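Letter by letter, the chains look like this.
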Amino acid sequence: MLNKSELKRKFSKEWEKHYKIDFLIDKGFKRKICSNCGKAFWTLDPNRKLCADPPCQAYDFIGNPPTKQRLGYIESWKTIENFFKKNGHKSLRRYPVVCRWYPLYFTIAGIIDFYRLEKGNLVFDFPANPSIVPQSCLRFNDIPNVGVTGRHYTSFVMVQQSSLYDGKQGYWKEKCIELDFDLLTKAFGINPEEIVFIEDAWVGPNAFGPSLEYFVRGLEIGNAVFTEFKQTNSGVQELEQKVIDMGAGLERFSWITQGTPTSYDVAFEPIIRYLKQQTGIEYDRNFFEKYSKLSGTLNMDEVKNMSKAKQTIAQKLGTTVELLEKRVSPLEAIYAIADHTLALTFAITDGMLPSNVGGGYNLRVILRRMLGFMDKFRWNLDLTKICEIHANHLKPIYPELIDHIDDIDKILEVEKKRYSNTKIRTQNIVKRIVENQEPLNEERLIKLYDSEGITPELVKTFVPDLKIPNDFYVKVTETHMKEKKKLKLTQEIDVSGLPPTKIMFYDEPDKYEFDAAILRIINNEWVVLDKTYFYPESGGQKSDIGFIGNAPVLNVQKIGNVVIHKVLGSVKEGEYITCRVNKYRRDILKKHHTATHIVNTACREILGQHVWQHGAEKTAEKARLDITHYDTLTEKQVQDIENRANQIVEKKIPIKIEILERGDAEKKYGFRIYQGGAVPEKKLRIVSIGNLDHEACCGLHCNNTSEVGFISIFKTKRIQDGIVRLEFASGEVALKQLKEKEKILKEVTKKLGVKEDDVPKKVQELFNTWKMLRKKK
Amino acid sequence: MENVEEEKMIDKKEWNKLKKKQNILRQASAILNVKDEDLPRIIERFQNEIKEMEKKFGKL
């Protein structure tokens, strides 16, 4: 597979095939090569010699926008939406920023909405064709640039224009470029001569293609990717279904019409206004317009010598680096706070919490970066209030954000307390390091952050001379940005050449005895039948046990489409044999599985909408559910969850199971269905408890909630940052446990010689007496 | 499931009684920071040690 620059070279050589768009030719666009950087670009301007990509062109729109109308952030979206709707596109609601349908932590681009896995391969799944979506995205690989460059974000909205093209439906390059050209010229009123298309290429997980980026006065507005090839063992192949994937930052449309010093001024307009009031920082628009034109080039990934770059800017502005920093850094901090609070608002709304693991790690990094700024400038800001202003500002596009402000408030409170505790610890740790004359180098700073949650800004408050690496947050987050663990596709047991096992337990869940043919015995212990009623371990539900002939079945697993049964004892290949599933165990597993869905529902109702299933296991002895929650559960919360779960049990709510196309299931029930993570199937089995809960689930369930029997939560524990575990049992297993407790209590009352109700009091007295006598001793 | 005997299901009232007993036991175990099943043994140990210490102090 060629890398991006090799592809660019290849496409550029074959430019007539990949980039020659008749629509542009008809309009009079000419292909040129930038005399500065060598990139190929298309323009109407006969005098243009340079491409429009900085540094070849400065941000000439700042203070000098190319449009007559000045559009706000929301108005810009409405303009874009109306334009595409008029041109036959369906406007979709945003997908969650927490990516639960594909192995990524976050939705990092609009096209991710339509990524799905099928048998380990990426496929596109579009709910409408063509479509447009204002997709809020989160990215954490640019943190040091956020607030500084005027255009980098951790949270931004990508306008995603998509079309699936197979020769009959959808549209391809010509129409895409015509639409994007018309959007800029007709909907936004930009002079066609201002538009420059630059040739580029895009490489995705297993597809690639050429792309055209479009610029206006130095600002890249969008990138139209034409996904049309895939790499196979026999070489490059054209895709049968090609994809138009045009992504454009929403803030850029608004920015180009307003020409403000930074894009934050338009994307976060009411938030910046509020923060300026709260912090009282001085703001001289003329100065910042001049500064922003120059600071647009301050990309910390690209600028090798940051201090030299800042010195050059300071010289051009006729000031010193120190004075420039003093003037600029508070403003950069409020821009960063505006961005980071929005990222947290979206992430918490969609069920991700700050923590020290997985995607939550990135959220804590930005939260602590904000708190660091507040410490540095001695600002007492109400972060929840800022999130609320965001939610109100974005209400016309994302009305759901405002409903989560209470959750956000609680979570931010807990995190702020944790940060305060860290600050107290920091003082002692840093004091020890300084006393021992240990080096405070980059490696040590990263270790302090990773193991103690101590930010370099906090260290700097005790060690003022400390040099914080510009890319510190890039380094600490890069290991946490990688894709989630890939699905396990290989197994040790070889089932090649075997036909798929006929799965019978879904169609006949109440049949426990059946006859089947033994097709193969693998490694003398794993039996493969032609059909099976044994449920293999999956979806966190332990497998059935029973007998194949007289041989006990100890474990059942599924590899691909083949079910294998681990037996103890002898059976023969080719035998047609009677098999029995242990009904009693199956019943308990079913009850524990339905109970898990019920407890998950109860947790969400009692604790808040931020609760998602993080993991689950259903055994015959107990059920375990791990949920996302920011704090240890109180006794009252546990009691409330148990009471609510048992109310659901008592209501005898029917459990409905339906098989739906993935897109239909997502549309009907939303992304809550992915409680167990991404499902690599085109059709989903949706298990619903009335209108309370809908989950994609392969497990076996009761017919209604009352069949579960009462649920008893017997243990809860905060197992890791942001994750709480609940252990519980239902029906006869719960009853057996409670009767054992009753026996123990009876024994205790006998030993203490008191009534049951007085046991705690008596135990306390006994303990006090023992302690007192021990002291005397 | 060989170790799990079948239990007949009970009504809400009976269930609540059992839950109440479980809570009492949980509170008592929490005071001594022990598992529920260890509580009778630990109480007995405390009772014996108290008796011994009282005896010892009585002699003094």
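Just so it is clear, the structure is predicted and the values come from calculations on it, not from any experiment.

Peer 1: Help me understand the overall build of chain A in this model?
Peer 2: In terms of regular secondary structure, chain A is built from 22 helices and 26 strands. For 777 residues, the compact-globule estimate of 2.2 N^0.38 gives 28 Å, and the C-alpha radius of gyration of chain A, at 31 Å, lies within 12% of that figure. The dimensions of chain A, computed from C-alpha atoms along their principal axes, are 95 × 80 × 50 Å. Of all intrachain contacts in chain A linking residues separated by at least 6 positions in sequence, the fraction that spans at least 24 positions is 66%. As presented, chain A carries roughly 34200 Å² of accessible surface, and 46% of it is formed by carbon and sulfur atoms. Each charge class in chain A was averaged separately, 120 positive and 104 negative side chains, and the resulting centres sit 3 Å apart.

Peer 1: Whenever I open this one, the overall build of chain B confuses me. Can you help?
Peer 2: Scanning chain B from terminus to terminus reveals 2 helices and 0 strands. Buried positions account for 35% of the 60 residues belonging to chain B. Total accessible area on chain B stands at roughly 4200 Å², and carbon and sulfur atoms take up 46% of it.

Peer 1: Sorry, what's going on with helix H19 (residues 635-650) of chain A here?
Peer 2: For the α-helix, the turn length of 3.6 residues means that residues three or four positions removed from each other point alike. Given a rise of 1.5 Å per residue, 16 residues ought to cover 22 Å, and the 22 Å separating the end C-alpha atoms of H19 of chain A matches this to within 8%. Buried residues of H19 of chain A: Val638, Ile641, Glu642, Arg644, Ala645, Asn646, Ile648 and Val649 of chain A, and no others. On the buried face of H19 of chain A, the contacting elements are helix H18 (583-607), strand S23 (683-689), strand S25 (711-720) and strand S26 (723-730) of chain A together with helix H1 (12-32) of chain B. Where H19 of chain A terminates, the next one or two residues include Lys652 of chain A, which has phi positive at roughly 50°.

Peer 1: Help me understand the interface of chain A and chain B, please; the structure alone is not making it clear to me.
Peer 2: How big an interface is tends to be stated in terms of the accessible area lost upon association of its parts. Taken together, the contact between chain A and chain B spans 45 residues of the former and 40 residues of the latter. Contact between chain A and chain B buries roughly 4200 Å² in total, counting both sides, with carbon and sulfur atoms accounting for 72%. For the pair chain A and chain B, the interface holds 7 salt bridges. One salt bridge connects Lys19 of chain B with Glu642 of chain A, and the closest N-O pair in it is separated by 2.8 Å. Per-element tally for the side of chain A that touches chain B: the top contributor is helix H21 (residues 731-752) of chain A, with 15 residues. By residue class, the composition of the side of chain A that touches chain B is 22 nonpolar, 7 polar and 16 charged.

Peer 1: For this particular structure, what's the right way to read the sheet that holds strand S20 (residues 613-618) of chain A?
Peer 2: Sheets are built from strands that pair by backbone hydrogen bonding, the pairs being arranged parallel or antiparallel. Residue and element names in this part refer to chain A. What the 4 strands build is an open sheet, ordered S20-S21-S26-S25; its pairing is antiparallel. For this open sheet the edge positions go to S20 and S25, each flanked by a neighbour on one side alone. For this sheet, the mean angle separating the axes of adjacent strands, direction not counted, is 15°. The sheet contact formed by strand S21 (residues 623-628) and S26 spans 6 bridges and is antiparallel. Note on S26: the bridge partner recorded for Thr628 is Ile723. This element, H19, spans S25 and S26 of the sheet and lies at about 135° to S25.

Peer 1: Would you take a moment to explain the pattern of salt bridges for this structure?
Peer 2: Opposite charge on two side chains permits them to pair, given that their charged atoms come into close proximity. All names here are of chain A. Tallied over the entire structure, the rule returns 51 salt bridges over all chains. A salt bridge links Asp693 to Arg604, with the nearest nitrogen and oxygen atoms 3.1 Å apart. Of this pair, Asp693 sits in strand S24 (residues 693-696) while Arg604 is found in helix H18, placing the two residues 89 residues apart along the sequence. An identical accessibility class is assigned to Asp693 and Arg604; each is buried. The residue Arg624 makes a salt bridge to Asp626 at a minimum N-O spacing of 2.7 Å. When salt bridges that share partners are traced, they join Glu537, Lys542, Glu617, Arg624, Asp626 and Arg725 into one network.

Peer 1: How do you make sense of the sheet that holds S23 of chain A when you look at a structure like this?
Peer 2: All names here are of chain A. Overall, antiparallel pairing links the 3 strands, which are arranged S22-S23-S24 in an open sheet. Looking at which strands have only one partner, the edges of the open sheet turn out to be strand S22 (655-661) and S24. When strand polarity is set aside, the average angle formed by the axes of neighbouring strands in this sheet is 25°. By the bridge criterion, 7 bridges tie S22 to S23 in an arrangement that is antiparallel. Directly across from Lys656, in S23, lies its bridge partner Ser688. Strand contacts of helix H20 (residues 662-669): S22, S23 and S24, with the helix running at about 130° to S22, the strand carrying the most contacts.

Peer 1: Explain the pairing of strand S18 (residues 562-567) of chain A here, please?
Peer 2: Side-chain direction in a regular strand flips from residue to residue, so the side chains alternate between the two faces of the sheet. Residue and element names in this part refer to chain A. The buried fraction of S18 is high, at 5 of 6 residues. The sheet contact formed by strand S14 (residues 526-529) and S18 spans 3 bridges and is antiparallel. If you follow Val528 over to S18, its bridge partner there is Ile564. In this sheet, S18 lies alongside strand S17 (residues 551-559) in antiparallel orientation, the contact comprising 6 bridges. Bridged to Asn555 within S18 is Lys566. Count of turn residues in the S17/S18 antiparallel hairpin: 2 residues, of which Gly560 carries a positive phi of about 60°.

Peer 1: I'm lost on helix H22 (residues 759-776) of chain A in this one. Help?
Peer 2: All names here are of chain A. Helix length check: H22 (18 residues) gives 26 Å between terminal C-alpha atoms against 26 Å at 1.5 Å per residue, within 8%. Residues of H22 that are buried include every one of Val759, Pro760, Val763, Leu766, Phe767, Trp770 and Leu773, and no others. Down the axis of H22, the smallest arc covering the buried residues is 160°, so these residues share one side. Relative to its buried face, H22 has exposed residues pointing more than 90 degrees away, namely Lys761, Lys775 and Lys776.

Definitions and limits used
- For every chain, the first residue of the written sequence is number 1, and numbering continues from 1 onward in sequence order.
- Here the convention is simple: chains get letters from A, ligands get numbers from 1, in the order in which they are written.
- The model is predicted, so local features are restricted to residues of pLDDT at least 70 and side-chain atom pairs to those at 80 or more, both for listing and for counting; the totals for chains, interfaces and linings are taken over all residues.
- Calculated side-chain values reflect all of the structure's heavy atoms, with hydrogen atoms and water omitted.
- Numbering of helices and strands starts at the N terminus; helices are DSSP runs of H or I of at least 4 residues and strands are runs of E of at least 2.
- Only C-alpha atoms enter the radius of gyration; for comparison, a globular chain is expected to reach 2.2 Å times N to the power 0.38, where N is the number of residues.
- It only takes one pair of heavy atoms within 4.5 Å for two residues to be counted as in contact.
- In short, Shrake-Rupley with a 1.4 Å probe defines the accessible areas, and a residue's cover is counted only from the protein chains shown.
- Here Asp and Glu are counted as negative and Lys and Arg as positive; His is not counted, and neither are the chain ends.
- Taken as the charge location is NZ of Lys, CZ of Arg, CG of Asp or CD of Glu.
- Exposure is judged per residue with a 1.4 Å probe applied to protein chains only, and the accessible area is read against the type maximum: over 50% gives exposed, under 20% gives buried, and values in between give partly exposed.
- Expected span, for any helix, means 1.5 Å times one less than how many residues it has.
- As a working definition, buried area equals the accessible area (1.4 Å probe) given up by two parts on being put together, with both sides summed.
- A carboxyl oxygen of Asp or Glu within 4 Å of a side-chain nitrogen of Lys or Arg is what we treat as a salt bridge.
- We call Asp, Glu, Lys and Arg charged. Ala, Val, Leu, Ile, Met, Phe, Trp, Tyr, Cys and Pro are nonpolar, and the rest, Gly among them, are polar.
- By definition, two strands form a pair when at least two bridges between them are found by DSSP.
- Axis definition: a line fitted to C-alpha atoms, limited for helices to the stretch in contact. Angles are taken between N-to-C directions and run from 0 to 180 degrees.
- Arc, as used here, means the arc of the directions from the helix axis to the C-beta atoms.

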